[in-house]
Amino acid sequence: MTTTATTVPRDRDLVAAPRWIAPAALTATAAGLAVSAYLTIAHYTQTVALACPATATINCEKVTSSPQSELLGIPVAVLGLVFFAAMAALAVPAAWRPGRPRLRAVRLGFAALGVCFVVRLVYAELFEIDAICLWCTVVHVLAVALFAITALGTAATAAVPEPA
Amino acid sequence: MSTSRPATAARRRVAWQQATLAKRHRQRLAATVGITLVIALFAGLVIAKAANGHRATPTASVTSPATSPALSSPATTARVVAQATSVPADVYAAIGTGGTAAQAQAIPGAGRLTVGGKPQVLYLGAEYCPYCAAERWPLVLALSRFGTFTGLELTESSSSDVYPNTNTFTFQHATYTSAYLAFTPVELYDRNDNPLQTATAAQQQLLQTYGQGGIPFIDLGGTAVLRSSGYSPQLLAGMDWTQIAASLTDESSPVARAIVGTAERITGQLCRLTGNRPGTVCQTTEISSLEGAS
């Protein structure tokens, strides 16, 4: 009978999300929001210049002023801001409780969409613009980290319906 | 019977717990695979870029190699770029405007163009375009007085357009760094008229509004525009990059007078944008007189 006690956790472990998920997700979204806000401010104002070295490989200005820096006329910095704001709302501790399959699907889908967008932007930097923007790369890393946290968090809070 | 009900409930509970754990195990596996695939995708992009870069190095100075094999060697590119980006101040002083005509047209009421707080020079052109080919020379010269280019390459205008095969630079892979100015070049088509780079909606709007859709179009910080070359591409006919670059310091050469003279006029406009910085370039009598009328 001790085998049951060692292989199956207590019920409370099955109805509560692991403690690390919400703080990790919120930290990533907060950092993403901060950097996206910085990029957005630099895009719209004349007084804030991106602190970024300019070499043959690294050039924030070349990337942020390229045609690829906009999607349908919207600066990608603004899209990043919207993405992290939405993810922040989806990553509050209450949103990580097990169950809520629709919320879990939306959050995971949104995180995956963010990664797809990052892939497109990294491709543009490497093969179309020929320059890397350091601040954009920070945002890209945070978006991928957020996807990883979300995917692992979603798995850790998966549940089947409880017996009546 | 009274003891079998709790036992059944307990068994169901254990079954539920095991089913939940099994589901989490499957999803954790799927998540791990997904994360690994994403990381592998980024690694693949970086590796592909690195591999491309290594292959491109020997011919990095050549554009459109399919139609113009071995246009120039890397050594030629380096030499031509070095000469064009370091024309001595005394050559500018000796040539002045070189007899060229004023080219800039003011665009009062247009919004200021800036990037990162610096006035932006926006270039829209195409590699096939002979007037763009002619204008790139003085533009490179003038901008080099305010900052540094990397990635400049050599190309020729279309072989089937007017002033065919005019030797010039391309901004396709160029990067410009300056403490005073931002430079945003867009080469819309290659020399065979194939789409190359895409202008943003805002850039296209500027092209239509202030350039009537024609190239070359150079917007100087939203204060003035250059809408053609400052001299005829005919002047460069039959000359290769090396010959053009070598002539830049020959004050009596018509080519030098056209290119350096046009560059001096553009410099006057750029000095107005930068508030006469740097002083070594802008605070000369010639430039002061050009700022309002070049």
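Before going into details, it helps to say that this report is about the structure given with it. (Residues numbered from 1 in each chain as written. Chains lettered and ligands numbered in written order. Predicted model: local features only at pLDDT ≥ 70, side-chain atom pairs only at ≥ 80, totals over all residues.)

**Quick look at the overall build of chain B**
Okay, so step 1: For chain B, the helix and strand inventory stands at nine helices and 10 strands.
Okay, so step 2: Taking all 294 residues of chain B together, the buried fraction comes to 43%.
Okay, so step 3: Counted over contacts in chain B with a minimum sequence separation of 6, partners at least 24 positions apart contribute 72%. (Helix = DSSP H or I, 4+ residues; strand = E, 2+ residues; numbered from the N terminus. Buried ≥ 20, exposed ≤ 12 C-beta atoms within 10 Å, placed from the backbone. Contact = placed C-beta atoms within 7 Å.)

**Quick look at the interface of chain A and chain B**
Okay, so step 1: In this assembly, 39 residues from chain A lie in contact with 38 residues from chain B.
Okay, so step 2: Counting residues per element, the ones that place at least two in the side of chain A that touches chain B are α4 (60-64), α6 (101-129) and α7 (134-156) of chain A.
Okay, so step 3: Tallying contributions element by element places α7(A) first for the side of chain A that touches chain B, with eight residues.
Okay, so step 4: Taken together, the residues of the side of chain A that touches chain B sort by class into 27 nonpolar, seven polar and five charged. (Nonpolar A, V, L, I, M, F, W, Y, C, P; charged D, E, K, R; others polar.)

**Notes on the environment of B:Gly213**
All names here are of chain B.
Okay, so step 1: The topology assignment puts Gly213 in the loop between α5 (201-211) and β9 (217-220).
Okay, so step 2: Exposure remark for Gly213: the 10 C-beta atoms within 10 Å place this residue in the exposed category.
Okay, so step 3: Sequence-wise, Gly213 and Arg227 are 14 residues apart; in three dimensions their C-alpha atoms are separated by 9.7 Å.
Okay, so step 4: Apart from the residues within four sequence positions on either side, Gly213 is in contact with Leu207 and Gln208.

**Looking at unusual backbone geometry**
All names here are of chain B.
Okay, so step 1: The peptide bond linking Ile215 to Pro216 adopts the cis configuration, its omega dihedral lying at 5°.
Okay, so step 2: Summarising the element assignment, Pro216 is placed in the loop between α5 and β9.
Okay, so step 3: Residues Arg277 and Pro278 are joined by a peptide bond in cis, for which omega reads -5°.
Okay, so step 4: You can see Pro278 is positioned in the loop between α7 (254-274) and α8 (279-282).
Okay, so step 5: Here Asn276, not a glycine, exhibits a phi torsion of approximately 65°, which is positive.
Okay, so step 6: With respect to the helices and strands, the residue Asn276 is situated in the loop between α7 and α8.

So far we have only geometry, and geometry alone does not tell us how the molecule works.
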